[in-house]
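Single-letter residue listing:
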There are 4 protein chains.
Amino acid sequence: MAGTVRFGISIDNKLLESFDQLIENKGYMNRSEAIRDLIRASLVELKWEFGEEETVGTVTLVYDHHVRDLSEKLTEQQHENHDKVISTLHVHLDPHNCLEVLVVRGKARDVKKIADELIRVKGVKHGKLVMTTTGEELH
Amino acid sequence: MAGTVRFGISIDNKLLESFDQLIENKGYMNRSEAIRDLIRASLVELKWEFGEEETVGTVTLVYDHHVRDLSEKLTEQQHENHDKVISTLHVHLDPHNCLEVLVVRGKARDVKKIADELIRVKGVKHGKLVMTTTGEELH
Amino acid sequence: MAGTVRFGISIDNKLLESFDQLIENKGYMNRSEAIRDLIRASLVELKWEFGEEETVGTVTLVYDHHVRDLSEKLTEQQHENHDKVISTLHVHLDPHNCLEVLVVRGKARDVKKIADELIRVKGVKHGKLVMTTTGEELH
Amino acid sequence: MAGTVRFGISIDNKLLESFDQLIENKGYMNRSEAIRDLIRASLVELKWEFGEEETVGTVTLVYDHHVRDLSEKLTEQQHENHDKVISTLHVHLDPHNCLEVLVVRGKARDVKKIADELIRVKGVKHGKLVMTTTGEELH
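Worth saying up front: this structure is predicted, and the values here are computed from it rather than measured.

About the criteria used
- Residues numbered from 1 in each chain as written.
- Chains lettered and ligands numbered in written order.
- Predicted model: local features only at pLDDT ≥ 70, side-chain atom pairs only at ≥ 80, totals over all residues.
- Helix = DSSP H or I, 4+ residues; strand = E, 2+ residues; numbered from the N terminus.
- Rg over C-alpha atoms; globule rule 2.2 N^0.38 Å.
- Buried ≥ 20, exposed ≤ 12 C-beta atoms within 10 Å, placed from the backbone.
- Contact = placed C-beta atoms within 7 Å.
- Nonpolar A, V, L, I, M, F, W, Y, C, P; charged D, E, K, R; others polar.
- Pairing = 2+ DSSP bridges.
- Core = buried A, V, L, I, M, F, W, Y, C linked by C-beta atoms within 7 Å.
- Axes fitted to C-alpha atoms, helices over the stretch in contact; angles between N-to-C directions.
- Least-squares fit on C-alpha atoms with pLDDT ≥ 70 in both.
- Arc of directions from axis to C-beta.
- Left-handed = near helix turned anticlockwise from the far one by under 90°.
- Expected span 1.5 Å × (residues − 1).
- Parallel < 35°, antiparallel > 145°, perpendicular 65-115°, else oblique.

(A) Geometry of the overall build of chain A. Regarding its fold elements, chain A presents four helices and five strands. Rg of the C-alpha trace for chain A: 18 Å, well past the compact-globule value of 14 Å for 139 residues, more than 25% over. Structurally, chain A occupies a C-alpha span of about 45 × 45 × 30 Å along its principal axes. Among the 139 residues that make up chain A, the fraction classed as buried is 37%. Considering only contacts in chain A between residues 6 or more positions apart, those separated by 24 or more positions represent 68%.

What follows is the structure in structure tokens.
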């Protein structure tokens, strides 16, 4: 049945402050409205098909390597997929922040899964998958 | 003062259902975690709207290196911006196709310009800029 | 004035024989070409003897990322020198072993120090610094 | 039969100037003596065995990408071995000079061959192979 429901979310104090600024900046009426828009945008991506075809993607991650066990967790997850993760470029942005770009090759659905697993790791500040192509059928 | 706060949001029933599917699909533990990631991503994007801010991006390119002068043109353009292009990871996909990922750091407007110039070079089959962050003010 | 000059060198018969084998083995066209490469390499090394000159090196590391705290220690040390470590390429060799290559730019003495500190970390199976050049005065 | 022979080599004017400085700096009596030492040092490396065992190496190259067809030639050679060249990290040192590090995996003899072919390309200012290990037998 359609209708409106309500639920609570917990969030870091400082992150909420920045978000409230963004809300004001963008002219939203309230947090609910802004979050509903973010949710809708994320659902668009879900519609993409990720199937059996061979593909290649890049995963960009930004994180603070001082978060406990974070770099070990990310390394471990990449190694579990060492046959698909071709290689990773690591740039040391400052004493705290790292940027990593992985090149991942495999079935579209596997590439997507590897990206999702990495991006949702606690401590990863921003993550993004670019699904590209092995170039074979493109001319 | 830093710490965790809690607030409620109201949302359409059906939209929440779809979002719960996405959460499960991506492997998040709960809604709060997923929404915090969406909020962080929206803050990253906001920074990119102001051209003057220091930021960092990755540019993914797929191309056939046999196209005449193509790899020379791409190398030349990257060198003209050698102070902003931190480094480039090159993967040889097959005898013809190359994948390159560049890490570019600078003002948002400059990073976008460098990406646009590379992506529109004739012979580049697919190109995509990921606008990310130096991670400095994200928590 | 730039241009090509010619000069003669005298050499032991047997030494030349061995060198001719090496030339063939490496696929050089002639002795001049091979000797020019040796001369350039010796000039690169000379620069490294003076600690103050701006130069660039690559550090190759192989290690087992399952050794406790190892990848965190290596990441930490690289970040402390984030202004000199341009970037790092990470390849996942198998479920256990990692290969990393760092590109480090700075005074020869600093680059050597960074390499030494990384290579002697407990758990690094093999490490090697290649002292190369920014290419500026080499012709 | 043992004995001394003499042969001529041709060399860029400026390269010879730098080499003469090095000779004076190191206290050699003449060019022949210095070159004989370089040749002897290069022969040491030839003695290494490069066989059938699976290994991994890194190849560091510094070159001026403005040398005609150079970057195309290097890309072409890497692609011919795309099943062995895992990936390449490219750093733009200045408007002219490039540094590339390749990670190459395969039989020791093949890795050596790929490195030799790249290093001897005309226009490569400095090149160096680091033969390392897949880490499997090292503990």
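So that's the structure; there's more coming.
(B) Main features of the interface of chain C and chain B. Each side of the interface is counted separately: chain C has four residues, and chain B has four residues. The element that contributes the greatest number of residues to the side of chain C that touches chain B is strand β3 (residues 85-92) of chain C, accounting for three residues. Of the residues contributing to the side of chain C that touches chain B, the split by class is three nonpolar, one polar and no charged.

(C) Highlighting the pairing of strand β3 (residues 85-92) of chain B. Most of β3(B) sits out of view: eight of its eight residues are buried. Looking at chain direction, β3(B) and strand β4 (residues 97-107) of chain B are connected through seven bridges and run antiparallel. Across the sheet, the residue bridging to B:Val91 is B:Leu99, located in β4(B). Between the antiparallel neighbours β3(B) and β4(B) lie four residues. One ladder, built from three bridges, connects β3(B) with strand β3 (residues 85-92) of chain D; its direction is antiparallel. In the sheet register, B:Leu89 faces β3(D), and the bridge partner there is D:Leu89.

(D) Geometry of the nonpolar core. Membership of the largest hydrophobic core comes to 129 residues, with the highest contact counts inside it found for A:Val103, A:Val104, B:Val103, B:Val104, C:Val103, C:Val104 and D:Val103. Not counting residues within four places of it along the chain, the set of residues in contact with C:Val103 comprises B:Ser87, C:Val56, C:Thr58, C:Ile86, C:Ser87, D:Leu89, D:Val91, D:Leu99 and D:Val101.

(E) Representation of the interface of chain C and chain D. Each partner contributes to the interface: chain C provides 60 residues, whereas chain D provides 57 residues. Those elements that place two or more of their residues in the side of chain C that touches chain D are β1 (4-12), α1 (13-26), α2 (31-49), β2 (54-64), β3, β4 (97-107) and β5 (124-131) of chain C. Take the side of chain C that touches chain D: its biggest share by element is 12 residues, from α2(C). For the side of chain C that touches chain D, the class distribution of residues is 29 nonpolar, 20 polar and 11 charged. Relative to strand β1 (residues 4-12) of chain D, β1(C) runs antiparallel, the two being bridged by nine bridges. Looking at β1(D), one finds that C:Phe7 is bridged to D:Ile9.

(F) Geometry of the sheet that holds strand β4 (residues 97-107) of chain A. Strand order in this open sheet of eight strands is β5(A)-β2(A)-β4(A)-β3(A)-β3(C)-β4(C)-β2(C)-β5(C), and the pairing throughout is antiparallel. Looking at the sheet topology across the chains shown, the edges are occupied by β5 (124-131) of chain A together with β5 of chain C. The sheet shows a mean angle of 15° between the axes of neighbouring strands, taken without regard to direction. Across seven bridges, the pairing between β2(C) and β5(C) is antiparallel. What sits directly across from C:Leu61, in β5(C), is C:Gly127.

(G) Layout of the relation of the copies chain C and chain B. Least-squares fitting of chain C to chain B yields an RMSD of 0.0 Å, with the superposition described by an axial translation of 0.0 Å and a rotation of 180°. A rotation of that kind, with that shift, is consistent with a two-fold axis. Both copies present the same face, since 100% of the interface residues in chain C are matched by interface residues at the equivalent positions in chain B.

(H) A look at helix α3 (residues 70-80) of chain C. Here α3(C) has its buried residues at C:Ser71, C:Leu74, C:Thr75 and C:Gln78. Summarising the axial view, the buried residues of α3(C) lie within an arc of 100°, below the 170-degree limit, and thus occupy one face. Looking at the buried residues of α3(C), the elements they touch are α3 (70-80) and β3 (85-92) of chain A together with β3, β4 and α4 (108-119) of chain C.

(I) Local environment of the environment of C:Asp83. Structurally, C:Asp83 is set in the loop between α3 and β3. Note: C-alpha distance between C:Asp83 and C:Val104 (21 residues apart in sequence) is 9.1 Å.

(J) Quick peek at the packing of α3(A) against α3(C). Contact pair α3(A) / α3(C): the axes reach a minimum separation of 8 Å and the direction vectors enclose 115°. You can see that α3(A) and α3(C) cross each other, and the crossing is right-handed. Within the contact between the two elements, α3(A) uses A:Ser71, A:Glu72 and A:Thr75 and α3(C) uses C:Ser71, C:Glu72 and C:Thr75. Residue composition of the contact of α3(A) with α3(C), grouped by class: no nonpolar, four polar and two charged.

(K) Structural view of the sheet that holds β3(D). If you walk across this open sheet you meet the eight strands as β5(B)-β2(B)-β4(B)-β3(B)-β3(D)-β4(D)-β2(D)-β5(D), and the pairing is antiparallel. Two strands close off the open sheet at either side, each with one partner strand: β5 (124-131) of chain B together with β5 (124-131) of chain D. The sheet shows a mean angle of 15° between the axes of neighbouring strands, direction not considered. Bridge analysis of strand β2 (residues 54-64) of chain B against β4(B) gives 11 bridges, and the strand direction is antiparallel. Residue pairing in the sheet places B:Val62 in a bridge with B:Leu99 of β4(B).

(L) How the structure looks around helix α1 (residues 13-26) of chain B. In a regular helix each residue adds 1.5 Å, so 14 residues correspond to 20 Å; α1(B) covers 20 Å between its end C-alpha atoms and thus fits that length. Positive phi shows up at B:Gly27, right after α1(B), with a value of about 85°.

(M) Seen up close, unusual backbone geometry. Even without being a glycine, A:Asp69 presents a positive backbone phi close to 65°. Within the secondary structure, A:Asp69 is located in the loop between β2 (54-64) and α3.

(N) Up close: the packing of helix α1 (residues 13-26) of chain A against helix α2 (residues 31-49) of chain B. Running from N to C, α1(A) and α2(B) cross one another at 55°; their axes reach a closest spacing of 10 Å. With respect to each other, α1(A) and α2(B) are oriented oblique. Viewed along their axes, α1(A) and α2(B) form a crossing whose handedness is left-handed. Taking contact as the criterion, the partners of A:Leu15, A:Ser18, A:Phe19, A:Leu22 and A:Asn25 in α1(A) are, on α2(B), B:Arg36, B:Ile39, B:Ser42, B:Leu43 and B:Leu46. Among the residues forming the contact of α1(A) with α2(B), the class breakdown is six nonpolar, three polar and one charged.

(O) Inspection of the environment of D:Ile86 at higher detail. Relative to the elements of secondary structure, D:Ile86 occurs in strand β3. When the 22 C-beta atoms within 10 Å are taken as the criterion, D:Ile86 is described as buried. Apart from residues lying up to four places away in sequence, D:Ile86 is in contact with A:Ile86, A:Ser87, C:Val91, D:Val103 and D:Arg105.

As far as function goes, none of this settles anything; it's purely spatial.
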